[in-house]
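Understanding the architecture of this molecule
If you want the building blocks of each chain, they are given just below.
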Amino acid sequence: WDYRREPPRPATGLFCFFPGRKRDFSPVPWSQYFESMEDVEVENETGKDISFSGSEGPVLLLLHGGGHSALSWAVFTAAIISRVQCRIVALDLRSHGETKVKNPEDLSAETMAKDVGNVVEAMYGDLPPPIMLIGHSMGGAIAVHTASSNLVPSLLGLCMIDVVEGTAMDALNSMQNFLRGRPKTFKSLENAIEWSVKSGQIRNLESARVSMVGQVKQCEGITSPEGSKSIVEGIIEEEEEDEEGSESISKRKKEDDMETKKDHPYTWRIELAKTEKYWDGWFRGLSNLFLSCPIPKLLLLAGVDRLDKDLTIGQMQGKFQMQVLPQCGHAVHEDAPDKVAEAVATFLIRHRFAEPIGGFQCVFPGC
């Protein structure tokens, strides 16, 4: 979910090409980065898919951006647990990844924040361990809503990654055009991974190979296509409702749909375009909510130009720590997982929330 106005730029200059050497776009299993993956049942819901790593220290509760999944934190997880003692809990938010809920259409900030609180309660009961919320883009907004509503009683810190109210609100008008510009189907997982890297959505091939598995799924209904939409070479077409010939048109489109799904069997797990009515609620008032949270706060950005007025004033007043990580796309934690891990580890050690591992030294003394 890239809330910026401009589409992701191709990752030119970031990869070296050698004659006869071909990059490997094959998917990588989550088990290379997480110790376990479990379903946690919450308030009679079907279940929320959660990935775990680590056994000691504070819990880092990771919330992904729109359209992504817990797998977007895979490479970051390996990087952070090698630097500080901590436990990782990466959650698939509702309608994302493998999580199933009774009302998947409700993606309001209030509902998703309650989901986070409910997951913490289901996992830890009345005595949760110290928890730091870390969220990227939409997940960063949900982390702030969760914190400001006091839904995690043991919350010790808050981190937003590349989400700023002013920039996000300005970008909402162009988001539908951005989403329409993405391919709607892929021939294979390898094809989806290759697209994510070459389009610049994820600039780190290692992360893309594990992360994209959580963003796409096999097309449903290949054997018995149903529904009112057909996927045709990147364009979702509404079935026509003409009174005359509507049945033949519908039949023909379903046949086209079936053929397209055979040739392009993967599509996005969530249709982000349908979530538009919730976008404003995710981001409006976010800066003041963030500043009002009475806990240590960290803001990681891909560029200083993203700061809005409220955050600029708050940063000058020392209300939060900020780190700018240049040469990254919007998916900062995927593009530069080691740098994000160093920034988070430094934050944790500085506030004495966690102990360093292997002689890790704080590398951002100015943040």
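Residues numbered from 1 in each chain as written. Predicted model: local features only at pLDDT ≥ 70, side-chain atom pairs only at ≥ 80, totals over all residues. Heavy atoms only, no water.

Next up on the list: the overall build of the protein chain. In terms of helices and strands, the protein chain carries 13 helices and 13 strands. Counting over 367 residues, the protein chain shows a buried share of 56%. For the protein chain, long-range pairs separated by at least 24 residues make up 74% of all intrachain contacts whose partners lie at least 6 apart in sequence. In the form shown here, the protein chain has an accessible surface area of approximately 16,600 Å², with 48% of it arising from carbon and sulfur atoms. (Helix = DSSP H or I, 4+ residues; strand = E, 2+ residues; numbered from the N terminus. Buried < 20%, exposed > 50% of the residue type's maximum accessible area, 1.4 Å probe, protein only. Contact = heavy atoms within 4.5 Å. Areas by Shrake-Rupley, 256 points an atom, 1.4 Å probe, with all protein chains shown as cover.)

Our next topic: the nonpolar core. Grouped together as the largest cluster of nonpolar side chains are 53 residues, with contacts concentrated most on Leu133, Leu158, Trp282, Phe283, Phe290 and Leu299. For this core, the element with the most residues is helix 3 (residues 138-148), which contributes 6 residues. (Core = buried A, V, L, I, M, F, W, Y, C linked by side-chain atoms within 4.5 Å.)

Now for the side chain of serine 69. When you line up the elements, serine 69 lands in the loop between strand 3 (59-63) and helix 1 (74-80). Ignoring any residue separated from it by four or fewer positions in sequence, one finds serine 69 in contact with His64, Asp92, Gly97, Ser211 and Gly214.

Another aspect to go through is the packing of helix 3 against helix 9 (residues 276-283). Interaxial distance between helix 3 and helix 9 falls to 9 Å at its minimum, and their mutual angle equals 55°. Comparing their axes, helix 9 and helix 3 come out oblique. You can see that helix 3 and helix 9 cross each other, and the crossing is left-handed. Together, Met138, Ala141, Ile142 and His145 of helix 3 and Gly281, Trp282 and Phe283 of helix 9 make up the contact between the two elements. Split into classes, the residues belonging to the contact of helix 3 with helix 9 amount to 5 nonpolar, 2 polar and no charged. (Axes fitted to C-alpha atoms, helices over the stretch in contact; angles between N-to-C directions. Parallel < 35°, antiparallel > 145°, perpendicular 65-115°, else oblique. Left-handed = near helix turned anticlockwise from the far one by under 90°. Nonpolar A, V, L, I, M, F, W, Y, C, P; charged D, E, K, R; others polar.)

The next point concerns the packing of helix 2 (residues 109-124) against helix 3. Two elements in contact, helix 2 and helix 3, have axes separated by 9 Å at closest approach and are oriented at 75°. In terms of their interaxial angle, helix 2 and helix 3 are classed as roughly perpendicular. Contact residues: helix 2 offers Ala109, Met112, Ala113 and Val116, while helix 3 offers Met138, Ile142, His145 and Thr146. Looking at the contact of helix 2 with helix 3, its residues break down into 6 nonpolar, 2 polar and no charged.

What follows is about the UniProt feature "active site" (unreviewed entry) in the protein chain. On the UniProt side, "active site" (unreviewed entry) is annotated at positions that read Ser137, Asp162 and His330 here. In summary, the annotated positions, though distributed over 194 residues, converge in three dimensions, the widest C-alpha pair being only 8.2 Å. The class for serine 137 is buried, based on a relative accessible area of 0%. There is a polar contact of 2.9 Å between the side chain of histidine 330 and the side chain of serine 137. (UniProt positions renumbered as here; feature names shortened; annotations may be inferred. Polar contact = N/O pair within 3.5 Å; in protein donor to acceptor, adjacent residues only side chain to side chain.)

Relative to the helices and strands, valine 210 is located in helix 7 (residues 205-211). Residues in contact with valine 210, not counting those within four places in the same chain, are Val28, Pro29, Trp30, Tyr33, Leu71 and Ala74.

Glancing now at the packing of aromatic side chains. Tallied over the full model, the rule gives 7 aromatic pairs. Measuring from centroid to centroid gives 5.7 Å for tryptophan 73 and phenylalanine 76, while their planes differ by 70°, and the two rings are edge-to-face. You can call tryptophan 73 buried: its relative accessible area is 0%. Residue classification places phenylalanine 76 among the buried residues on the basis of a relative accessible area of 1%. Relative to phenylalanine 320, the ring of phenylalanine 290 lies with its centre 5.5 Å away and its plane at 65°, an arrangement referred to as edge-to-face. (Phe/Tyr/Trp six-rings, centres within 6.5 Å; stacked < 30°, edge-to-face > 60°.)

All right, on to the sheet that holds strand 7 (residues 185-186) then. Here we have 3 strands laid out as an open sheet, ordered 7-11-8, and antiparallel in their pairing. Lying at the two open borders of the sheet, with one neighbouring strand each, are strand 7 and strand 8 (216-218). Pairing between strand 8 and strand 11 (residues 266-268): 3 bridges, direction antiparallel. Its bridge partner being in strand 11, lysine 217 is matched across the sheet by threonine 267. (Pairing = 2+ DSSP bridges.)

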